[in-house]
Amino acid sequence: MRFFLTAILLVMAGCGYVGDPQPPALNIPQQIPDLTATQRGDKLRLTFTLPKMTTEGLAIRKRGEVEIRVGLLPESGFDVNNWAPTARRIPIEPPEAGVALVEAPVGDFAGRQVFAVVRSAGPSGRWSPWSNVQFIRVVKAISQPAYLEAHSDPAGVRLTWRGDPALRYRIFRQAPKEEDFSLLGEAQGPAFLDDKAEFGQSYNYRVQAFQKVEDQEAESEVSGAVSLTPEDSFVPAIPSGINALIGVNTVELAWERNTEKDFRGYNVYRSPENSREPERIASLLDSPSYSDKMVEAGKTYRYFLTAVDQAGNESAKSPPTIVAIRQ
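Attention here is on the structure that accompanies the text. (Residues numbered from 1 in each chain as written. Predicted model: local features only at pLDDT ≥ 70, side-chain atom pairs only at ≥ 80, totals over all residues. Heavy atoms only, no water.)

So, the overall build of the chain
1) Next: Within the chain one finds two helices and 22 strands.
2) Next: The C-alpha radius of gyration computed for the chain amounts to 38 Å, which surpasses the reference 20 Å derived for 327 residues by more than 25%, pointing to a less compact arrangement than a globule.
3) Next: Looking at the chain residue by residue over its 327 residues, the buried ones come to 39%.
4) Next: The contacts of the chain with a sequence gap of at least 6 include a subset with a gap of at least 24, amounting to 62%.
5) Next: Of the charged side chains in the chain, 36 are positive and 41 negative, and the gap between their average positions amounts to 3 Å. (Helix = DSSP H or I, 4+ residues; strand = E, 2+ residues; numbered from the N terminus. Rg over C-alpha atoms; globule rule 2.2 N^0.38 Å. Buried < 20%, exposed > 50% of the residue type's maximum accessible area, 1.4 Å probe, protein only. Contact = heavy atoms within 4.5 Å. Lys, Arg positive; Asp, Glu negative; His and termini not counted. Charge placed at Lys NZ, Arg CZ, Asp CG, Glu CD.)

Written out as C-alpha coordinates, the structure reads:
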(Lines give C-alpha, C1' and ligand atoms only; values in the text may rest on other atoms or scores of the structure.)
Protein backbone atom coordinates (compact mmCIF):
# COMPACT_ATOMS: atom_id res chain seq x y z
CA MET A 1 0.00 0.00 0.00
CA ARG A 2 2.85 2.37 0.88
CA PHE A 3 4.52 1.56 -2.44
CA PHE A 4 1.27 2.32 -4.30
CA LEU A 5 0.88 5.77 -2.69
CA THR A 6 4.50 6.63 -3.35
CA ALA A 7 4.11 5.76 -7.02
CA ILE A 8 1.05 8.01 -7.32
CA LEU A 9 2.91 10.96 -5.74
CA LEU A 10 5.85 10.48 -8.12
CA VAL A 11 3.54 10.50 -11.12
CA MET A 12 1.86 13.74 -9.93
CA ALA A 13 5.24 15.40 -9.34
CA GLY A 14 6.46 14.44 -12.79
CA CYS A 15 3.42 15.76 -14.59
CA GLY A 16 3.20 19.10 -12.70
CA TYR A 17 0.12 20.82 -11.41
CA VAL A 18 -1.80 22.54 -14.18
CA GLY A 19 -4.06 24.62 -11.94
CA ASP A 20 -7.48 26.02 -12.63
CA PRO A 21 -8.37 26.62 -16.29
CA GLN A 22 -8.02 30.28 -17.43
CA PRO A 23 -10.43 32.11 -19.78
CA PRO A 24 -9.04 33.06 -23.21
CA ALA A 25 -7.31 36.48 -23.45
CA LEU A 26 -9.53 39.29 -24.74
CA ASN A 27 -6.59 41.02 -26.51
CA ILE A 28 -8.00 44.51 -26.03
CA PRO A 29 -5.30 47.12 -26.75
CA GLN A 30 -4.44 49.62 -24.06
CA GLN A 31 -5.86 53.14 -24.38
CA ILE A 32 -3.94 55.60 -26.57
CA PRO A 33 -2.98 58.46 -24.22
CA ASP A 34 -1.02 60.88 -26.44
CA LEU A 35 -3.23 62.01 -29.32
CA THR A 36 -2.21 65.49 -30.57
CA ALA A 37 -3.83 67.68 -33.24
CA THR A 38 -2.30 70.56 -35.18
CA GLN A 39 -3.25 72.45 -38.32
CA ARG A 40 -0.80 72.67 -41.19
CA GLY A 41 -2.05 74.58 -44.20
CA ASP A 42 -5.48 73.22 -45.12
CA LYS A 43 -5.00 69.92 -43.28
CA LEU A 44 -5.38 68.60 -39.76
CA ARG A 45 -2.37 66.57 -38.60
CA LEU A 46 -3.17 63.93 -35.98
CA THR A 47 -0.35 62.04 -34.27
CA PHE A 48 -0.49 59.27 -31.69
CA THR A 49 1.43 56.21 -30.52
CA LEU A 50 -0.10 52.79 -31.01
CA PRO A 51 -0.01 50.67 -27.83
CA LYS A 52 2.37 47.74 -27.57
CA MET A 53 0.44 45.93 -24.84
CA THR A 54 -3.09 44.74 -24.18
CA THR A 55 -5.12 45.60 -21.10
CA GLU A 56 -4.09 42.18 -19.77
CA GLY A 57 -0.39 43.01 -20.05
CA LEU A 58 0.21 40.85 -23.12
CA ALA A 59 2.30 41.95 -26.08
CA ILE A 60 0.24 42.84 -29.16
CA ARG A 61 1.35 40.57 -32.00
CA LYS A 62 -1.38 41.35 -34.51
CA ARG A 63 -3.38 44.56 -34.85
CA GLY A 64 -6.91 45.24 -35.91
CA GLU A 65 -8.49 48.47 -37.11
CA VAL A 66 -7.65 51.99 -36.00
CA GLU A 67 -10.56 54.45 -35.79
CA ILE A 68 -10.22 58.23 -35.73
CA ARG A 69 -13.20 60.53 -35.21
CA VAL A 70 -13.22 64.32 -35.68
CA GLY A 71 -16.23 66.56 -35.18
CA LEU A 72 -17.87 69.53 -33.53
CA LEU A 73 -18.77 69.71 -29.87
CA PRO A 74 -22.47 68.86 -29.40
CA GLU A 75 -24.80 71.41 -27.87
CA SER A 76 -25.77 68.97 -25.15
CA GLY A 77 -23.33 67.49 -22.63
CA PHE A 78 -20.28 65.82 -24.06
CA ASP A 79 -19.96 62.05 -23.69
CA VAL A 80 -17.26 60.61 -25.91
CA ASN A 81 -18.99 57.27 -26.41
CA ASN A 82 -22.21 58.94 -27.58
CA TRP A 83 -20.45 61.67 -29.56
CA ALA A 84 -17.90 59.59 -31.47
CA PRO A 85 -20.35 57.65 -33.71
CA THR A 86 -21.84 60.96 -34.90
CA ALA A 87 -18.45 62.56 -35.72
CA ARG A 88 -16.61 62.31 -39.02
CA ARG A 89 -14.47 59.19 -39.42
CA ILE A 90 -11.01 59.82 -40.84
CA PRO A 91 -9.70 57.06 -43.15
CA ILE A 92 -6.43 55.48 -42.05
CA GLU A 93 -4.25 52.60 -43.11
CA PRO A 94 -3.33 51.01 -39.76
CA PRO A 95 0.43 51.26 -39.17
CA GLU A 96 2.21 48.31 -37.66
CA ALA A 97 3.63 50.10 -34.61
CA GLY A 98 5.17 53.30 -33.33
CA VAL A 99 4.02 56.86 -33.87
CA ALA A 100 1.27 57.29 -36.45
CA LEU A 101 0.66 60.48 -38.46
CA VAL A 102 -2.69 61.01 -40.17
CA GLU A 103 -3.68 64.04 -42.26
CA ALA A 104 -7.26 65.06 -43.03
CA PRO A 105 -8.62 68.03 -45.02
CA VAL A 106 -9.92 70.91 -42.91
CA GLY A 107 -12.93 71.25 -45.19
CA ASP A 108 -15.92 72.93 -43.57
CA PHE A 109 -14.28 72.93 -40.13
CA ALA A 110 -12.54 76.25 -40.92
CA GLY A 111 -13.35 78.86 -38.29
CA ARG A 112 -14.74 76.31 -35.83
CA GLN A 113 -13.48 74.33 -32.86
CA VAL A 114 -13.24 70.60 -33.49
CA PHE A 115 -12.56 67.61 -31.27
CA ALA A 116 -10.71 64.42 -32.11
CA VAL A 117 -10.33 60.97 -30.56
CA VAL A 118 -8.74 57.68 -31.66
CA ARG A 119 -8.93 54.04 -30.62
CA SER A 120 -7.50 50.74 -31.84
CA ALA A 121 -8.81 47.20 -32.00
CA GLY A 122 -7.23 43.82 -31.39
CA PRO A 123 -7.23 40.93 -33.86
CA SER A 124 -10.67 39.78 -32.70
CA GLY A 125 -12.18 43.25 -33.23
CA ARG A 126 -12.46 44.28 -29.58
CA TRP A 127 -11.87 48.02 -29.24
CA SER A 128 -9.73 49.87 -26.74
CA PRO A 129 -11.25 52.79 -24.82
CA TRP A 130 -11.21 56.11 -26.66
CA SER A 131 -8.00 58.11 -26.35
CA ASN A 132 -7.55 61.45 -24.68
CA VAL A 133 -9.84 64.04 -26.28
CA GLN A 134 -7.87 66.56 -28.34
CA PHE A 135 -9.41 69.84 -29.50
CA ILE A 136 -8.21 72.50 -31.90
CA ARG A 137 -9.64 75.74 -33.28
CA VAL A 138 -9.36 75.57 -37.04
CA VAL A 139 -8.45 78.79 -38.87
CA LYS A 140 -8.15 79.86 -42.47
CA ALA A 141 -5.31 77.95 -44.09
CA ILE A 142 -1.93 79.70 -43.79
CA SER A 143 -0.19 79.95 -47.15
CA GLN A 144 3.17 78.31 -47.67
CA PRO A 145 6.04 80.86 -47.86
CA ALA A 146 7.08 81.36 -51.49
CA TYR A 147 10.06 82.67 -53.46
CA LEU A 148 12.57 82.03 -50.69
CA GLU A 149 15.92 83.64 -51.55
CA ALA A 150 19.30 83.66 -49.79
CA HIS A 151 21.97 86.31 -50.28
CA SER A 152 25.42 86.90 -48.87
CA ASP A 153 25.47 89.66 -46.28
CA PRO A 154 28.35 91.31 -44.43
CA ALA A 155 26.98 89.68 -41.26
CA GLY A 156 26.28 86.21 -42.76
CA VAL A 157 23.27 85.17 -44.88
CA ARG A 158 20.16 87.29 -45.43
CA LEU A 159 16.92 85.44 -46.24
CA THR A 160 13.84 86.95 -47.85
CA TRP A 161 10.58 85.38 -49.02
CA ARG A 162 7.02 86.25 -49.96
CA GLY A 163 4.58 85.98 -47.07
CA ASP A 164 2.19 87.80 -44.78
CA PRO A 165 4.15 90.41 -42.74
CA ALA A 166 1.71 89.96 -39.84
CA LEU A 167 2.72 86.31 -39.35
CA ARG A 168 5.67 84.82 -37.54
CA TYR A 169 8.04 82.44 -39.28
CA ARG A 170 10.29 79.56 -38.29
CA ILE A 171 13.62 79.33 -40.09
CA PHE A 172 15.22 75.91 -40.53
CA ARG A 173 18.85 75.42 -41.58
CA GLN A 174 20.96 72.48 -42.65
CA ALA A 175 24.62 73.28 -42.02
CA PRO A 176 27.66 71.42 -43.38
CA LYS A 177 27.95 67.82 -42.09
CA GLU A 178 24.37 67.92 -40.75
CA GLU A 179 22.05 65.19 -42.03
CA ASP A 180 18.81 67.12 -41.62
CA PHE A 181 17.32 70.57 -41.03
CA SER A 182 17.11 72.01 -37.51
CA LEU A 183 15.34 75.07 -36.15
CA LEU A 184 17.61 78.11 -36.46
CA GLY A 185 15.33 80.88 -35.21
CA GLU A 186 12.10 82.82 -35.68
CA ALA A 187 11.24 86.06 -37.44
CA GLN A 188 8.37 88.52 -37.48
CA GLY A 189 7.65 89.10 -41.16
CA PRO A 190 9.30 87.72 -44.30
CA ALA A 191 13.01 88.39 -43.66
CA PHE A 192 15.76 86.91 -41.48
CA LEU A 193 19.50 87.39 -40.98
CA ASP A 194 21.56 84.30 -40.19
CA ASP A 195 24.47 85.94 -38.40
CA LYS A 196 25.85 82.54 -37.38
CA ALA A 197 26.68 81.54 -40.96
CA GLU A 198 30.33 81.46 -41.95
CA PHE A 199 31.69 82.59 -45.31
CA GLY A 200 32.78 79.74 -47.56
CA GLN A 201 30.44 77.16 -45.92
CA SER A 202 27.37 75.74 -47.70
CA TYR A 203 23.92 76.03 -46.11
CA ASN A 204 20.36 74.97 -46.95
CA TYR A 205 17.35 76.89 -45.65
CA ARG A 206 13.58 76.34 -45.36
CA VAL A 207 10.86 78.55 -43.85
CA GLN A 208 7.45 77.93 -42.25
CA ALA A 209 4.76 80.44 -41.25
CA PHE A 210 2.74 80.04 -38.05
CA GLN A 211 0.33 81.90 -35.82
CA LYS A 212 -0.94 81.52 -32.28
CA VAL A 213 -4.55 80.37 -31.98
CA GLU A 214 -5.53 80.64 -28.32
CA ASP A 215 -3.11 78.27 -26.58
CA GLN A 216 -2.35 76.35 -29.78
CA GLU A 217 -0.70 77.04 -33.13
CA ALA A 218 -1.63 76.81 -36.78
CA GLU A 219 1.18 76.53 -39.31
CA SER A 220 1.83 76.49 -43.03
CA GLU A 221 3.50 73.85 -45.08
CA VAL A 222 7.28 74.19 -44.99
CA SER A 223 8.73 76.03 -47.98
CA GLY A 224 11.01 74.51 -50.55
CA ALA A 225 14.72 74.61 -49.78
CA VAL A 226 17.23 77.19 -50.99
CA SER A 227 21.02 76.73 -50.90
CA LEU A 228 23.86 79.23 -50.59
CA THR A 229 27.59 79.31 -49.98
CA PRO A 230 28.05 82.89 -48.72
CA GLU A 231 31.07 84.75 -50.03
CA ASP A 232 32.82 87.65 -48.36
CA SER A 233 32.94 90.32 -51.06
CA PHE A 234 32.08 93.14 -48.68
CA VAL A 235 34.63 95.81 -47.95
CA PRO A 236 34.97 97.17 -44.41
CA ALA A 237 33.82 100.65 -43.48
CA ILE A 238 36.17 103.52 -44.32
CA PRO A 239 38.12 104.59 -41.20
CA SER A 240 36.72 107.80 -39.72
CA GLY A 241 37.35 110.29 -36.94
CA ILE A 242 40.95 110.86 -38.03
CA ASN A 243 43.06 113.29 -36.00
CA ALA A 244 46.64 114.39 -36.64
CA LEU A 245 49.08 115.83 -34.12
CA ILE A 246 52.45 117.28 -35.13
CA GLY A 247 55.32 116.28 -32.88
CA VAL A 248 59.08 116.69 -33.02
CA ASN A 249 59.89 115.40 -36.50
CA THR A 250 56.77 113.18 -36.37
CA VAL A 251 53.11 113.19 -37.28
CA GLU A 252 50.91 111.25 -34.86
CA LEU A 253 47.70 109.86 -36.40
CA ALA A 254 44.75 108.42 -34.48
CA TRP A 255 41.24 107.39 -35.57
CA GLU A 256 38.12 105.49 -34.52
CA ARG A 257 38.29 101.71 -34.39
CA ASN A 258 36.41 99.57 -36.95
CA THR A 259 33.85 97.13 -35.54
CA GLU A 260 33.53 94.48 -38.28
CA LYS A 261 33.73 90.95 -36.86
CA ASP A 262 36.15 89.93 -39.64
CA PHE A 263 38.34 93.03 -39.35
CA ARG A 264 42.06 92.41 -39.93
CA GLY A 265 43.98 95.71 -39.98
CA TYR A 266 44.58 99.23 -41.31
CA ASN A 267 46.69 100.51 -44.18
CA VAL A 268 48.18 104.03 -44.09
CA TYR A 269 48.91 105.96 -47.28
CA ARG A 270 50.82 109.22 -47.63
CA SER A 271 51.63 111.62 -50.42
CA PRO A 272 53.45 114.95 -50.56
CA GLU A 273 51.14 117.83 -51.37
CA ASN A 274 52.09 117.97 -55.05
CA SER A 275 52.04 114.20 -55.61
CA ARG A 276 48.98 112.62 -57.20
CA GLU A 277 49.41 109.00 -56.16
CA PRO A 278 49.69 108.23 -52.42
CA GLU A 279 52.24 105.67 -51.27
CA ARG A 280 51.44 102.99 -48.69
CA ILE A 281 53.69 103.53 -45.68
CA ALA A 282 52.11 101.05 -43.22
CA SER A 283 50.19 97.78 -43.68
CA LEU A 284 47.66 95.88 -41.55
CA LEU A 285 48.03 97.83 -38.35
CA ASP A 286 46.18 96.24 -35.42
CA SER A 287 45.50 99.44 -33.51
CA PRO A 288 43.91 102.69 -34.78
CA SER A 289 47.03 104.81 -34.51
CA TYR A 290 50.27 105.45 -36.39
CA SER A 291 53.43 107.52 -35.85
CA ASP A 292 55.01 108.82 -39.05
CA LYS A 293 58.66 109.59 -38.29
CA MET A 294 59.70 110.08 -41.89
CA VAL A 295 58.62 113.68 -42.30
CA GLU A 296 60.57 116.81 -43.22
CA ALA A 297 60.18 120.36 -42.01
CA GLY A 298 58.63 122.78 -44.44
CA LYS A 299 56.61 120.12 -46.28
CA THR A 300 52.89 119.36 -46.42
CA TYR A 301 51.60 115.79 -46.39
CA ARG A 302 48.28 114.18 -47.15
CA TYR A 303 47.34 111.01 -45.25
CA PHE A 304 44.75 108.41 -46.27
CA LEU A 305 43.52 105.39 -44.30
CA THR A 306 41.87 102.12 -45.39
CA ALA A 307 40.52 99.11 -43.49
CA VAL A 308 41.14 95.49 -44.54
CA ASP A 309 39.15 92.35 -43.57
CA GLN A 310 40.19 88.71 -43.21
CA ALA A 311 39.31 87.98 -46.85
CA GLY A 312 41.62 90.76 -48.05
CA ASN A 313 38.82 93.15 -48.99
CA GLU A 314 40.07 96.73 -48.64
CA SER A 315 37.85 99.73 -48.08
CA ALA A 316 38.05 102.90 -50.13
CA LYS A 317 40.51 105.50 -48.90
CA SER A 318 39.42 108.00 -46.31
CA PRO A 319 39.25 111.68 -47.23
CA PRO A 320 42.75 113.19 -47.02
CA THR A 321 44.04 114.49 -43.73
CA ILE A 322 46.39 117.37 -44.59
CA VAL A 323 49.33 118.17 -42.31
CA ALA A 324 51.78 121.05 -42.85
CA ILE A 325 55.17 120.76 -41.12
CA ARG A 326 56.66 124.12 -40.17
CA GLN A 327 60.26 125.09 -40.87
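Quick look at the packing of aromatic side chains
Given two aromatic rings, their pairing is described by the distance between the two centres and the angle made by the two planes.
1) Next: Under the counting rule described, the total for this entry stands at eight aromatic pairs.
2) Next: Residues W255 and Y266 carry aromatic rings whose centres are separated by 5.4 Å and whose planes lie at 75° to one another, so their mutual orientation is edge-to-face. One end of the pair, W255, is in the loop between β17 (251–254) and β18 (263–272); the other, Y266, is in strand β18, and eleven residues separate them in sequence.
3) Next: Under the relative-accessibility criterion, Y266 is labelled buried at 0%.
4) Next: In this arrangement the basic side chain of R170 is found over the ring face of F210, its NZ or CZ atom lying 4.0 Å from the centre.
5) Next: We note K317 situated over the ring of Y269; from NZ or CZ to the ring centre the distance is 4.5 Å. (Phe/Tyr/Trp six-rings, centres within 6.5 Å; stacked < 30°, edge-to-face > 60°. Lys NZ or Arg CZ within 6 Å of the ring centre and 35° of its normal.)

Looking at the sheet that holds strand β6 (residues 113–120)
1) Next: Across the sheet, four strands lie side by side as β4-β3-β6-β7; this open sheet has antiparallel pairing. The sheet terminates laterally at β4 (88–90) and β7 (134–137), the two strands that pair on one side only. Neighbouring strand axes in the sheet, compared pairwise and without regard to direction, differ in orientation by 30° on average.
2) Next: Two elements, β6 and β7, share four bridges in a ladder whose sense is antiparallel. Looking across to β7, one finds that A116 is bridged to Q134. (Pairing = 2+ DSSP bridges. Axes fitted to C-alpha atoms, helices over the stretch in contact; angles between N-to-C directions.)

Brief notes about the layout of surface pockets
1) Next: Of the volumes computed, that of the largest pocket is approximately 170 Å³.
2) Next: Residue lining of the largest pocket: 15 residues in total, with A141, I142, S143, D164 and L167 positioned closest to the centre.
3) Next: Looking at the lining of the largest pocket residue by residue, the classes come out as eight nonpolar, four polar and three charged. (1 Å grid on protein atoms, 1.4 Å probe; cavity = no way out; pocket = protein on both sides within 12 Å on 5 of 7 lines; lining within 4 Å. Points joined across faces, edges and corners; volume = space filled by probe spheres on them. Nonpolar A, V, L, I, M, F, W, Y, C, P; charged D, E, K, R; others polar.)

A short note on the sheet that holds strand β19 (residues 279–285)
1) Next: Taking strand neighbours across the sheet as the criterion, the four strands line up as β19-β18-β21-β22 in an open arrangement whose pairing is antiparallel. Two strands close off the open sheet at either side, each with one partner strand: β19 and β22 (321–324). In this sheet, adjacent strand axes meet at a mean angle of 25° when their direction is disregarded.
2) Next: Note: β18 against strand β21 (residues 300–309), nine bridges, orientation antiparallel. Bridge pairing in β21 places Y266 opposite A307.

Topic: empty space enclosed by the protein
1) Next: Inspection of every chain in the model, using the stated rule, returns one cavity of 30 Å³ or more.
2) Next: For the largest cavity, the calculated volume is near 40 Å³.
3) Next: Lining the largest cavity, in full, are A37, L44, L46, V70, V114, F115, A116, Q134, F135 and I136.
4) Next: For the lining of the largest cavity, the elements supplying multiple residues, two or more each, are β2 (43–49), β6 and β7.
5) Next: Split into classes, the residues belonging to the lining of the largest cavity amount to nine nonpolar, one polar and no charged.

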